[in-house]
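Listed below are the residues making up each chain.
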Amino acid sequence: MDRRAAKSAYLIRLAGREVEYRFVRRRRRTLGITVDADGLKVSAPLCAPWRDIEGFVREKERWILAKLDEWAVAPRPAVLRGLSGERLPLFGEPVELERRAVPVRREGNRIAFDSLQNLVKWLKAAALEALRPRVAHFAARLGRPAPNLALSNARTQWGVCTEDGTVRLSWRLVHIEPALADYVVAHEIAHLVELNHSPRFYHLLASLYPDWLAARERLELAGAALPILKETK
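Residues numbered from 1 in each chain as written. Predicted model: local features only at pLDDT ≥ 70, side-chain atom pairs only at ≥ 80, totals over all residues. Heavy atoms only, no water.

Quick look at unusual backbone geometry now. The phi torsion at alanine 15 lies on the positive side, around 50°, for a residue other than glycine. By the secondary structure assignment, alanine 15 is in the loop between β1 (9-14) and β2 (17-26). Not every positive phi belongs to a glycine, and phenylalanine 91 is a case in point at roughly 50°. With respect to the helices, strands and loops of the structure, phenylalanine 91 is situated in the loop between β6 (87-90) and β7 (93-99). Judged by relative accessible area, phenylalanine 91 falls into the partly exposed class, the value being 26%. (Helix = DSSP H or I, 4+ residues; strand = E, 2+ residues; numbered from the N terminus. Buried < 20%, exposed > 50% of the residue type's maximum accessible area, 1.4 Å probe, protein only.)

If you want it as structure tokens, here you go:
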């Protein structure tokens, strides 16, 4: 590990490749590694020695390089200006936009709309309609009534469960295939019982959504490609 790289970026050579990474120390018990659109990040306990940190990273060498390669070819967000002919994902399937002076409505594999503002309102309503029964479904699996559900505008946080039992989900889940949206819902519903990320939480999540780990990784890639809706001026 080269700790001399500028601007808090660090370098390590893995399988002959020089890999830049971000490094932070935190009040945590274990070492952690994440790879996303911003690259590799290594997190370590405050007093963890460098030899242990380097050894941990090298143990994960194959996984790190595979994830970096995966992210390198991942699609980037498209900026949609609200023009006819543009395409956006709706529940995981591409639909074509057609701008004309009509109320927003879906017509097969096309959405007709009169303004980007009204299109976003329509997408939020569609998200709520699709997510509400799934929230009720997973809550019932735990023998609980459906919690209060609200939408958020978050781009980087798919959902949150508050201490009062309210579940907030990003309306941008309307872009994601239903199976991945189900993972997000199951994750937040599990927090109704375990408001933490303890082993008990993950055991409960696995009972609701057994393939949660693969879904989480797929969701990271899908989320990085979410369209950005920006009205033309």
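Summed over the entire model, instances satisfying the criterion amount to seven aromatic pairs. On the numbers, 5.4 Å between centres and 35° between planes, the contact of tyrosine 10 with tyrosine 21 is tilted. Taken as a pair, tyrosine 10 in strand β1 and tyrosine 21 in strand β2 lie far apart in primary sequence, 11 residues in all. Among the aromatic side chains, those forming a connected cluster through ring pairs are Tyr10, Tyr21, Phe23 and Trp50. (Phe/Tyr/Trp six-rings, centres within 6.5 Å; stacked < 30°, edge-to-face > 60°.)

The predicted model of the protein averages 90 in pLDDT, with 95% of residues at 70 or higher. Within the model, pLDDT remains below 50 along residues 3-7, and this stretch shows four contacts once partners closer than five positions in the same chain are excluded. (pLDDT = per-residue confidence, 0-100. Contact = heavy atoms within 4.5 Å.)

All right, on to helix α3 (residues 116-141) then. Taking 1.5 Å per residue as the helical rise, α3 with its 26 residues ought to reach 38 Å, and the 38 Å between its terminal C-alpha atoms agrees with that figure. At leucine 131, α3 shows its strongest bend, of approximately 25°, with the proline proline 133 following within four residues. A positive phi of about 70° marks glycine 143, the residue just after α3. (Expected span 1.5 Å × (residues − 1). Bend = angle between axes of the 7 residues up to and from the residue.)

In space, the four strands of this open sheet follow the order β6-β7-β9-β8, with mixed pairing throughout. One side of each edge strand has no neighbouring strand; the edge strands of this open sheet are β6 and β8 (105-107). Within this sheet the neighbouring strands show an average axis-to-axis angle of 40°, counted without direction. Taken together, the three bridges between β8 and strand β9 (residues 110-113) define a ladder with antiparallel strand orientation. Paired with arginine 106 across the bridge in β9 is isoleucine 111. (Pairing = 2+ DSSP bridges. Axes fitted to C-alpha atoms, helices over the stretch in contact; angles between N-to-C directions.)

For glutamate 220, the location among the structural elements is in helix α6 (residues 212-224). Apart from the residues within four sequence positions on either side, glutamate 220 is in contact with Val35 and Trp71.

Membership of the largest hydrophobic core comes to 45 residues, with the highest contact counts inside it found for Leu88, Leu119, Leu131, Leu169, Leu173, Tyr183 and Ile189. For this core, the secondary-structure elements that each account for two or more residues are β6, β7, β9, α3, β12 (167-170), α4 (178-190), α5 (199-208) and α6. In terms of residue count, the dominant contributor to this core is α3 (10 residues). In contact with leucine 119, not counting residues within four places along its chain, are Leu88, Leu97, Val104, Ile111 and Phe113. (Core = buried A, V, L, I, M, F, W, Y, C linked by side-chain atoms within 4.5 Å.)

The next point concerns the side chain of threonine 166. Here threonine 166 lies in the loop between β11 (159-161) and β12. Judged by relative accessible area, threonine 166 falls into the buried class, the value being 16%. With residues near it in sequence (within four places) discarded, threonine 166 still touches Asn148, Val160 and Cys161.

By secondary structure assignment, the location of glutamate 86 is in the loop between β5 (79-80) and β6. Despite its burial, glutamate 86 pairs with no opposite charge, the nearest such side chain being arginine 81 at 6.2 Å. Here glycine 82 takes part through its backbone nitrogen, which lies 2.9 Å from a polar atom of the side chain of glutamate 86. (Lys, Arg positive; Asp, Glu negative; His and termini not counted. Salt bridge = Lys/Arg side-chain N within 4 Å of Asp/Glu carboxyl O. Polar contact = N/O pair within 3.5 Å; in protein donor to acceptor, adjacent residues only side chain to side chain.)

Moving on, we come to the packing of α4 against α5. Viewed as axis vectors pointing N to C, α4 and α5 meet at an angle of 135°, and their least axial separation amounts to 9 Å. One element, α4, and the other, α5, form an angle in the oblique class. Here α4 runs over α5; the crossing is right-handed. Contact with α4, carried on its side by Tyr183, Ala186, His187, Ile189 and Ala190, involves Phe201, Leu204, Leu205 and Leu208 of α5 and no other residues of that element. Across the contact of α4 with α5, the residue classes tally to eight nonpolar, one polar and no charged. (Parallel < 35°, antiparallel > 145°, perpendicular 65-115°, else oblique. Left-handed = near helix turned anticlockwise from the far one by under 90°. Nonpolar A, V, L, I, M, F, W, Y, C, P; charged D, E, K, R; others polar.)

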